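Here are the chains, one letter per residue:
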Amino acid sequence: MPIVDGIEATKMIRDFEIKTPKSALSNKARKGNNRAPIFAVSASLLEKEKDKYTDAGFDGWVMKPINFARLNVLFSGLCDPEARREATYKPGEWENGGWFESH
């Protein structure tokens, strides 16, 4: 990204959300973590740097090249808590992409 990278952009969005009334969020965002869901998308995300992504405020990650069947599973986690639990991070399954634990 030309001005800030994804990590800095996510931090900026999370900071904005802290200063914004929850009533401004969409219904889906309120049902999730009371914030807009943000996923890291890259071919170079490293499992050993998971804490860096969660500390920045990412809700999950998707590896490139994108597996669109898996992406549909992750999207279903936006509205379906069970689907989200089933797609939550498990050590050793990094390449699948998934949701991080709720904050």
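Preceding this section is the structure that the text describes.
Calculation criteria
- Residues numbered from 1 in each chain as written.
- Predicted model: local features only at pLDDT ≥ 70, side-chain atom pairs only at ≥ 80, totals over all residues.
- Heavy atoms only, no water.
- Patch = residues over 30% accessible without salt bridge, like charges linked within 9 Å, V, L, I, M, F, W, Y side chains within 5 Å.
- Areas by Shrake-Rupley, 256 points an atom, 1.4 Å probe, with all protein chains shown as cover.
- Salt bridge = Lys/Arg side-chain N within 4 Å of Asp/Glu carboxyl O.
- Helix = DSSP H or I, 4+ residues; strand = E, 2+ residues; numbered from the N terminus.
- Buried < 20%, exposed > 50% of the residue type's maximum accessible area, 1.4 Å probe, protein only.
- Expected span 1.5 Å × (residues − 1).
- Arc of directions from axis to C-beta.
- Contact = heavy atoms within 4.5 Å.
- Pairing = 2+ DSSP bridges.
- Right-handed = clockwise from strand over helix to strand, strands pointing away.

1. Description of a nonpolar patch on the surface
Here is step 1 of the chain: On the surface, a nonpolar cluster with roughly 270 Å² of combined accessible area is contributed by V41, I66 and F68.
Here is step 2 of the chain: Assignment of secondary structure puts I66 in the loop between strand 2 (60-63) and helix 4 (68-76).
Here is step 3 of the chain: Residue class for I66 comes out partly exposed when judged on its relative accessible area of 31%.

2. A word on helix 1 (residues 6-19)
Here is step 1 of the chain: Helix length check: helix 1 (14 residues) gives 20 Å between terminal C-alpha atoms against 20 Å at 1.5 Å per residue, within 8%.
Here is step 2 of the chain: Every buried residue of helix 1 is accounted for by I7, A9, T10, R14 and E17. Viewed along the axis of helix 1, the buried residues span an arc of 160°, placing them on a single side of the element. In helix 1, those exposed residues whose orientation departs by more than 90 degrees from the buried face are M12, F16 and K19.
Here is step 3 of the chain: Here the buried face of helix 1 lies against helix 3 (50-56).

3. Quick word on the sheet that holds strand 2
Here is step 1 of the chain: One open sheet holds the 3 strands; their spatial order is 1-2-3, and the pairing between them is mixed. What marks the edges here is a single partner per strand, and that holds for strand 1 (39-42) and strand 3 (98-99).
Here is step 2 of the chain: In terms of strand pairing, strand 1 meets strand 2 through 4 bridges, oriented parallel. Its bridge partner lying in strand 2, S42 is registered against M63.

4. Here's the deal with the pairing of strand 2
Here is step 1 of the chain: Residues of strand 2 alternate between two faces, with G60 and V62 on one and W61 and M63 on the opposite face, all of them buried.
Here is step 2 of the chain: A crossover links strand 1 with its parallel partner strand 2, the connecting element being helix 3, and its sense is right-handed.
Here is step 3 of the chain: In the sheet, strand 2 pairs with strand 3 via 2 bridges, with the strands oriented antiparallel. Residue pairing across strands places G60 opposite W99, the latter belonging to strand 3.

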